[in-house]
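# Commentary on secondary and tertiary structure
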Amino acid sequence: MRHFLNLIDLTADELNHLLTESARLKDAHSRRIPSHSLSGRVVGLVFEKPSLRTRVSFEAGVAQLGGTSLYLPGNEVGLGWRESLADFSHTISQYLDALVLRVYQHKTLDGIAQVSGIPIINGLSDWSHPCQGLADVLTVRELFGTEAGRTVAFVGDGNNVARSLAVGCGKLGMQFVLACPVGYGFDEKFKADYCKKVSPDFPKEINDPFPAVKGADVIYTDVWTSMGQEAEREERLKRFAPFQVNAELLSKASAQCKVLHCLPAHRGEEITDDVMDGPACAAFQQAGNRMHVQKAVLEWLLR
Ligand code: CP
């Protein structure tokens, strides 16, 4: 049995398979071709944090494949405090066929997955956001025909979203540049465990956004203060201000450059209205792709 906790755990062939299946499912959805691949299956969704895209795209995707989903607020389940992670996992494995979790701490996912009798899917943790990373690569593939050889400049925090995208890029032959203030880059463990195995200079980390976006095919940004970091907000607003994705920064990238954002966007902070609403932005195509990749992941895990 497989889980879907980090893109690091998948081979390039497996990622390619999921991307191909995502495109097939997207096409089938656009042509309203019915599917019953999850008929009789029940997928649980435990969320410790708020969500729009992840929750709704999983619930809609499961319904479209003929399955049933069940939303469980984190404060009702009480992962690790109402009962142990192992007791929760042993119990829920008897009822469900797969479980999506959005958690504060990645170790919560590991604790549940270790003893789980059903596939566990990471719907975002402090460490990674693999569903987002997969949708991001699918979007790049759609925009450019192929992702290999393309360069993504991530302008912002070296956070969970950036980490997952960097892994997707590294595995599928893309360049990844992280433009961030000093002290907000990738952690040493991630660099040692993953990045240095891609190549010694992967990814590039630059503390100035302007050289970072030169020649980029994609500029990617995310909020400067993630859920759980609210106490750092004032400091982060100051440190990240020079890293705003605006018309001036976009003008320094290549003419065909696209802008991605995992959303929700804090307009006027990490991205301006004119860029969000402009022709280069593909953030809503990217958001739509969340559903298609997650359907592919569910079919792959429950095949
Ligand atoms: N990008 C993303 O995960 O969106 P939500 O937080 O709305 O699920």
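Source: prediction; values computed, not measured.

On to the sheet that holds strand 6 (residues 175-179). With respect to topology, five strands assemble into an open sheet ordered 7-6-5-8-9, the strand pairing being parallel. Strand pairing shows two members of the sheet lacking a second neighbour, strand 7 (204-206) and strand 9 (258-261), which therefore form its edges. Averaged over all neighbouring strand pairs, the angle between strand axes comes to 20°, with direction disregarded. As defined by bridge partners, strand 8 (residues 218-221) adjoins strand 9 across four bridges and the pair is classed as parallel. Counterpart to Ile 219 in the pairing with strand 9 is Val 259.

All right, on to the nonpolar core then. Core analysis: the biggest nonpolar cluster contains 57 residues, and Phe 4, Ile 121, Phe 176 and Leu 298 have the highest contact counts within it. Among the elements that take part in this core, helix 6 (residues 130-144) stands out by supplying seven residues, more than any other. Beyond its immediate sequence surroundings of up to four residues, Phe 4 is in contact with Leu 10, Leu 18, Ile 120, Ile 121, Asn 122, Pro 130, Cys 131, Leu 134, Val 297, Trp 300 and Leu 301. Core analysis: the second largest hydrophobic core is formed by 22 residues, Ala 179, Ala 212, Ala 253 and Cys 257 among them.

A few words now on the sheet that holds strand 4 (residues 120-122). Taking strand neighbours across the sheet as the criterion, the four strands line up as 2-1-3-4 in an open arrangement whose pairing is parallel. For this open sheet the edge positions go to strand 2 (68-73) and strand 4, each flanked by a neighbour on one side alone. Across the sheet, the mean angle from the axis of one strand to that of its neighbour is 20°, orientation sign disregarded. Across five bridges, the pairing between strand 1 (residues 42-47) and strand 3 (residues 98-102) is parallel. Paired with Phe 47 across the two strands is Arg 102, which belongs to strand 3.

A separate point is the side chain of Glu 269. Mapped onto the elements of the fold, Glu 269 is located in the loop between strand 9 and helix 12 (273-276). One polar contact links Glu 269 to Arg 233, side chain to side chain, over a distance of 2.8 Å. Apart from the residues lying within four places of it in its own chain, the contact partners of Glu 269 are Trp 224, Arg 233, Leu 237 and Gln 244.

Another point: the layout of surface pockets. Put simply, the largest pocket is a space of about 410 Å³. Secondary-structure elements contributing two or more residues to the lining of the largest pocket are helix 2 (53-64) and helix 7 (160-171). Residue composition of the lining of the largest pocket, grouped by class: nine nonpolar, eight polar and seven charged.

Attention now goes to the pairing of strand 6. Counting buried positions along strand 6 yields four of five residues, so the element is predominantly enclosed. In this sheet, strand 6 lies alongside strand 5 (residues 151-155) in parallel orientation, the contact comprising five bridges. Looking at the pairing, Val 155 lines up with Ala 179 of strand 6. At this point the chain moves from strand 5, through helix 7, to the parallel strand 6, and the crossover so formed is right-handed.

Bringing the site of the ligand into the picture now. Around the ligand, a shell composed of Ser 51, Leu 52, Arg 53, Thr 54, Arg 102, His 129, Gln 132, Cys 262, Leu 263 and Arg 290 is seen. Take Arg 53: an N or O atom from its side chain is 2.9 Å from an oxygen atom of the ligand. At a threshold of 2 Å from the grid points, most atoms of the ligand map onto the largest pocket. In the shell around the ligand, the residues fall into three nonpolar, four polar and three charged.

Taking 1.5 Å of rise per residue, the 19 residues of helix 13 (residues 283-301) would be expected to cover 27 Å, and the 27 Å separating its terminal C-alpha atoms lies within 8% of that figure. When the local axis directions of helix 13 are compared, the greatest deviation, roughly 25°, occurs at Asn 289. Burial runs high along helix 13: 16 of the 19 residues are buried.

The rules we used
- Residues numbered from 1 in each chain as written.
- Predicted model: local features only at pLDDT ≥ 70, side-chain atom pairs only at ≥ 80, totals over all residues.
- Heavy atoms only, no water.
- Pairing = 2+ DSSP bridges.
- Helix = DSSP H or I, 4+ residues; strand = E, 2+ residues; numbered from the N terminus.
- Axes fitted to C-alpha atoms, helices over the stretch in contact; angles between N-to-C directions.
- Core = buried A, V, L, I, M, F, W, Y, C linked by side-chain atoms within 4.5 Å.
- Buried < 20%, exposed > 50% of the residue type's maximum accessible area, 1.4 Å probe, protein only.
- Contact = heavy atoms within 4.5 Å.
- Polar contact = N/O pair within 3.5 Å; in protein donor to acceptor, adjacent residues only side chain to side chain.
- 1 Å grid on protein atoms, 1.4 Å probe; cavity = no way out; pocket = protein on both sides within 12 Å on 5 of 7 lines; lining within 4 Å.
- Points joined across faces, edges and corners; volume = space filled by probe spheres on them.
- Nonpolar A, V, L, I, M, F, W, Y, C, P; charged D, E, K, R; others polar.
- Right-handed = clockwise from strand over helix to strand, strands pointing away.
- Near = heavy atom within 4 Å.
- Sits in = over half its atoms within 2 Å of the grid points.
- Expected span 1.5 Å × (residues − 1).
- Bend = angle between axes of the 7 residues up to and from the residue.

Remember, this is a structural readout, not a statement about activity or role.
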